[in-house]
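# Secondary and tertiary structure notes
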Amino acid sequence: MAVGTTKTSVEQLYADIVTDLKVFYADKVLMENTNMVGHRFDISGSSGNTLRLPVMQAPDDAVAVTEGASIIGTGTQANLAPVAANITMTKYGAATNVSEEALEDGGFATVRGGVIEKLSSSLAQASDSAGLITLANAGGNSGDQADLGATFTSTGSGNVCNIIYDPTGLAVGSKRDITTRVWYNPNIDAHEFRATNRIGYGLPYSTFVRKLNTLRAVGSAVISLANVATSVANLRAANAPGLDGFYMGILHPAAELAIAQQLNSVTQTAIGDLSEVGNRALLNGLIGQAAGVQFFRSNNLPDSNHS
């Protein structure tokens, strides 16, 4: 027999969802982790929806200067002329309605879990997609096949842009933390849940990103650790510092399959204690590490047109 809802129990359901949604979101999102992004900015409470990041050029070498000579006039040293990368905050929203019958028949625990799962997963996926598209757009389409030996020339939705990058080359800004609004609509006899946040990604160092395009179909992707090693060599040549000596690699499942056997042969004792990896998104996405890269799996990678 169904148990009727009460005002007190519904209010407690609202409070639980509002409180727990932030925690579940933090456990699901991949690209906002400190392992994945090197710069974080919170501009909540300030005016405007754009964050300007200074993008510094590589420093010139100091030069030998004779006594009495102009220091800046000696050699080819340039004046500091920083440019800026803009991060525009985008509002993301997730919604679900729960009928009064669902509460009566399904129970509060079931509804609570379902609502939190739906809202947190939707917002986390939107954030991951935004971060990965930002990385894929580094330098436009140039260099997408360079580390593959220029053997891949197809474009379109049947292809995917895998990414090898230095986390210090990516920044995330937040204008609004996860915010949840709940109300009861008597017209449809339903409880309406709405969750939003405002975030944005930017590239202070676009040269710290390498891209490897492969086919999206499982079993058709062509990629090897030699290609990854080429990406790593290019990142090191760009003086990308990495995170504890490693770069991050985000692979589509098809690319993961293509190099899985190679990874298994070199990482059986290299990954370490998985309990120390971080949140659930990192733990579930971790593939392994090799050639100076920690690999993670994601279904949110853009296609080779970066969309």
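Structure shown above.
Attention in this report is confined to the structure presented alongside it. (Residues numbered from 1 in each chain as written. Predicted model: local features only at pLDDT ≥ 70, side-chain atom pairs only at ≥ 80, totals over all residues. Heavy atoms only, no water.)

## With respect to the overall build of the protein chain
Scanning the protein chain from terminus to terminus reveals 6 helices and 11 strands. Split into buried and exposed, the 307 residues of the protein chain put 42% on the buried side. A sequence separation of at least 24 residues applies to 82% of the contacts in the protein chain between residues at least 6 apart. Of the roughly 15200 Å² of accessible surface on the protein chain, a fraction of 52% belongs to carbon and sulfur atoms. (Helix = DSSP H or I, 4+ residues; strand = E, 2+ residues; numbered from the N terminus. Buried < 20%, exposed > 50% of the residue type's maximum accessible area, 1.4 Å probe, protein only. Contact = heavy atoms within 4.5 Å. Areas by Shrake-Rupley, 256 points an atom, 1.4 Å probe, with all protein chains shown as cover.)

## A closer look at unusual backbone geometry
With a phi close to 65°, asparagine 239 is a non-glycine residue in the positive phi region. In this structure, asparagine 239 sits in the loop between helix H4 (225–237) and strand E9 (247–251). Judged by its relative accessible area of 62%, asparagine 239 falls in the exposed class. You will see that aspartate 244, though not glycine, has its phi angle at about 55°, which is positive.

## Some thoughts on H4
Under the 1.5 Å per step criterion, the end-to-end length of H4 is 18 Å for 13 residues, consistent within 8% with the ideal 18 Å. Within the sequence span of H4, burial applies to Leu225, Asn227, Val228, Ser231, Val232 and Leu235. Across the axial projection of H4, the buried residues extend over an arc of 155°, all falling on one side. Seen from the buried face of H4, the exposed residues on the opposite side, beyond 90 degrees, are Ala226 and Ala237. Taken from the residues just after H4, asparagine 239 is the one with a positive phi, measuring 65°. (Expected span 1.5 Å × (residues − 1). Arc of directions from axis to C-beta.)

## Comments concerning the nonpolar core
One broad trend across soluble globular proteins is that nonpolar side chains are buried collectively. If you look at the biggest cluster of nonpolar residues, it comprises 42 residues, and the most contacted ones within it are Met31, Met36, Leu135, Ile163, Tyr165, Leu170 and Phe193. Taken together, the elements giving at least two residues each to this core come down to helix H1 (7–28), strand E4 (90–99), helix H3 (108–136), strand E5 (159–165), strand E6 (171–185), strand E7 (190–202) and E9. The element that contributes the greatest number of residues to this core is H3, accounting for 10 residues. Those residues in contact with leucine 135, other than ones at most four positions away along the chain, are Met31, Ile163, Tyr165, Leu170, Leu203, Val209 and Lys211. Leu148, Leu212, Leu235 and Ala240 belong to the second-largest nonpolar core, a separate cluster that totals 17 residues. (Core = buried A, V, L, I, M, F, W, Y, C linked by side-chain atoms within 4.5 Å.)

## Side note on the pattern of salt bridges
All chains considered together, the criterion is met by 5 salt bridges. Taking the shortest distance from any N to any O, the salt bridge between glutamate 117 and lysine 28 comes out at 3.1 Å. Pair noted here: glutamate 117 is in helix H3 and lysine 28 is in helix H1, with a separation of 89 residues, a long-range link. Using a relative accessible area of 38% as the deciding quantity, one classes glutamate 117 as partly exposed. A residue is classified by how much of its surface remains accessible, and lysine 28, at 25% relative accessible area, is partly exposed. (Salt bridge = Lys/Arg side-chain N within 4 Å of Asp/Glu carboxyl O.)

## Structural notes on the environment of proline 253
Examined against the element boundaries, proline 253 turns out to sit in helix H5 (residues 253–266). For proline 253, a relative accessible area of 21% translates into the label partly exposed. Separated by 32 residues in the primary sequence, proline 253 and alanine 221 place their C-alpha atoms 9.4 Å from one another. Excluding anything up to four places from it in sequence, proline 253 contacts Arg297, Ser298 and Asn299.

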